[in-house]
Amino acid sequence: MGEMNMQNISEAANRIIAAQKATALTGAGISVASGIMPFRGEGGLWEKYDPEEIVEINSFLRHPAKSWAVLKEMQIVIEKALPNEAHYSLAKMEEIGFLKSIITQNIDGLHQAAGSKRVIEFHGNNRRLICLECKTLYPSSEISLDTLPPLCPKCQGLMKPDAVFFGESIPLDAIQHSRSDVQQCKTILAIGTSALVEPAASLPLIGKRNGAFIIEINPEETPLTDTATDLFVKGKAEEILPKIVEKLLESTKK
Ligand code: NAD
Ligand code: ZN
């Protein structure tokens, strides 16, 4: 960890302390250390498949078995995945009173698994499946993927992960809660998101217009970096966040 980054980490912690409380927006990058590949990263599922085809609602409806063959691989990875230090750090930040909420674009359920309480799921969750006919929700562990596509045990309707696909709209309560959280908070942490998928990508800008200070944590620069970010902390979430939490804990002891 270079001199520069330690300075950035201290400033990030000071901004979070001053904010009382911060809100975090997380993306696929925060789950990379848990073995779940992001859409726009090296290796993994999405170099072989085009997400805009597999998780696009119209192509899913046209070829559900084809999409499900890939979705099944993703379900297996997600069900095995465990939270990493980045998820645990955000849970700790909430527990010690510095984080109001997490708005996540992830569909892996790992923030809740790490113990975070207020998690706004902007894109739903793959650990649930929904019947597109009768709208019943099932835990994914209850639905066998031996025959694809899986059908509803009650009505034989087509089952889909309860995640938002391209071409679908964001759940209304997620939109409302996340807008009000980014408008009210003084500090926003944008962590591991490429900030390319709308409308999630605009949330930091909405906050900024209401006076929020934007801290971005990512190994790479993103479209946010030059437009919205006030403090860019270059690095992996699982390395940076525990260091920020250390500083927050020190501040409570003073
Ligand atoms: P993205 O795949 O577009 O971008 C990932 C970002 O994470 C990149 O900016 C990359 O530089 C950064 N990154 C990589 N490793 C990192 C690390 N160790 N620490 C911090 N950052 C790291 O992800 P997105 O912006 O979330 O958008 C893609 C969409 O894909 C989301 O809407 C989500 O629904 C879906 N998705 C979710 C998961 C998941 O639930 N884990 C996985 C893949 C895709
Ligand atoms: Zn049904």
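Residues numbered from 1 in each chain as written. Chains lettered and ligands numbered in written order. Predicted model: local features only at pLDDT ≥ 70, side-chain atom pairs only at ≥ 80, totals over all residues. Heavy atoms only, no water.

> Any chance you could explain the side chain of asparagine 126 here in plain terms?
For asparagine 126, the position within the fold is in strand β4 (residues 124-131). Residue class for asparagine 126 comes out buried when judged on its relative accessible area of 3%. Of the polar contacts made by the side chain of asparagine 126, one reaches the side chain of glutamine 75; its length is 2.7 Å. Those residues in contact with asparagine 126 that lie beyond four places of it in its chain are Met74, Gln75, Ile78, Ile107, Ser140, Pro161 and Ala163. (Helix = DSSP H or I, 4+ residues; strand = E, 2+ residues; numbered from the N terminus. Buried < 20%, exposed > 50% of the residue type's maximum accessible area, 1.4 Å probe, protein only. Polar contact = N/O pair within 3.5 Å; in protein donor to acceptor, adjacent residues only side chain to side chain. Contact = heavy atoms within 4.5 Å.)

> I'm lost on the coordination of the zinc ion (ligand 2) in this one. Help?
Note on metal geometry: ideal angles are 109.5 degrees for four donors arranged tetrahedrally and 90 or 180 degrees for six donors arranged octahedrally. Bound to the zinc ion (ligand 2) are the protein donor atoms Cys131 (SG), Cys134 (SG), Cys152 (SG) and Cys155 (SG), situated 2.3 to 2.4 Å from the metal. Relative to the metal, the four donor atoms surrounding the zinc ion (ligand 2) lie at angles of 97 to 119°, and the coordination shape comes out tetrahedral. Each donor residue of the zinc ion (ligand 2) belongs to the same chain, with the gaps between them written as C-x2-C-x17-C-x2-C. With a gap of 18 residues between them, cysteine 134 in the loop between β4 and β5 (137-139) and cysteine 152 in the loop between β5 and β6 (159-163) connect regions that are remote in the sequence. (Donors = N, O, S within 2.8 Å, 3.2 Å for Na, K, Ca; no water. Tetrahedral: all angles 85-135°; square planar, octahedral: opposite > 155°, others 65-115°.)

> In this structure, what is going on with the packing of aromatic side chains? I would like to understand it.
How two aromatic rings sit relative to each other is given by the distance of their centres and the angle of their planes. The tally for this structure, following the rule as stated, stands at one aromatic pair. Their ring planes at 85° and their centres at 5.4 Å tell us that phenylalanine 60 and phenylalanine 165 sit as a pair that is edge-to-face. With phenylalanine 60 in helix α4 (residues 57-62) and phenylalanine 165 in the loop between β6 and α8 (172-184), this pair connects stretches of sequence that are 105 residues apart. By relative accessible area, phenylalanine 60 is classed as buried at 0%. Sitting over the ring of phenylalanine 213, arginine 15 keeps its end group 3.8 Å from the ring centre. (Phe/Tyr/Trp six-rings, centres within 6.5 Å; stacked < 30°, edge-to-face > 60°. Lys NZ or Arg CZ within 6 Å of the ring centre and 35° of its normal.)

> What is the right way to look at the domain arrangement of the protein in this model?
Where interface size is given, it is often the accessible area lost as the parts come together that is meant. The domain architecture assigned to the protein consists of domain 1 (1-35 + 82-123 + 169-254) and domain 2 (37-80 + 125-163). On a C-alpha basis, the centroid separation for the pair domain 1 and domain 2 is 27 Å. Between domain 1 and domain 2, the contact holds 14 residues from the first and 13 residues from the second. Together domain 1 and domain 2 conceal approximately 980 Å² of surface at their shared face, both sides included; 56% is due to carbon and sulfur atoms. For the pair domain 1 and domain 2, the number of links is one salt bridge. With a closest N to O distance of 3.3 Å, glutamate 121 and arginine 128 form a salt bridge. Across the domain 1-domain 2 interface, the total number found is four residue pairs in polar contact (both at pLDDT 80 or more). Of the residues assigned to the side of domain 1 that touches domain 2, the class counts are seven nonpolar, five polar and two charged. (Domains from an automatic or database assignment. Buried area = accessible area lost by both parts, 1.4 Å probe. Salt bridge = Lys/Arg side-chain N within 4 Å of Asp/Glu carboxyl O. Nonpolar A, V, L, I, M, F, W, Y, C, P; charged D, E, K, R; others polar.)

> Help me understand the nonpolar core in this model?
Here is a general trend for soluble globular proteins: nonpolar side chains tend to be buried in one another's company. Of all hydrophobic cores here, the largest spans 26 residues; its most connected members are Met93, Leu241 and Ile244. At the level of elements, α1 (3-19), β1 (22-26), α6 (85-95), β2 (99-104), β7 (187-191), β8 (213-218), β9 (231-234) and α11 (237-253) are the ones that each hand at least two residues to this core. Counting residues per element, this core draws most heavily on α11, which supplies six residues. Discounting chain neighbours no more than four positions away, the residues touching leucine 241 are Ile30, Ala86, Ser89, Leu90, Met93, Ile191 and Ile217. By size, the runner-up hydrophobic cluster in this structure holds 24 residues, among which are Ile36, Phe60, Ile143 and Ala163. (Core = buried A, V, L, I, M, F, W, Y, C linked by side-chain atoms within 4.5 Å.)

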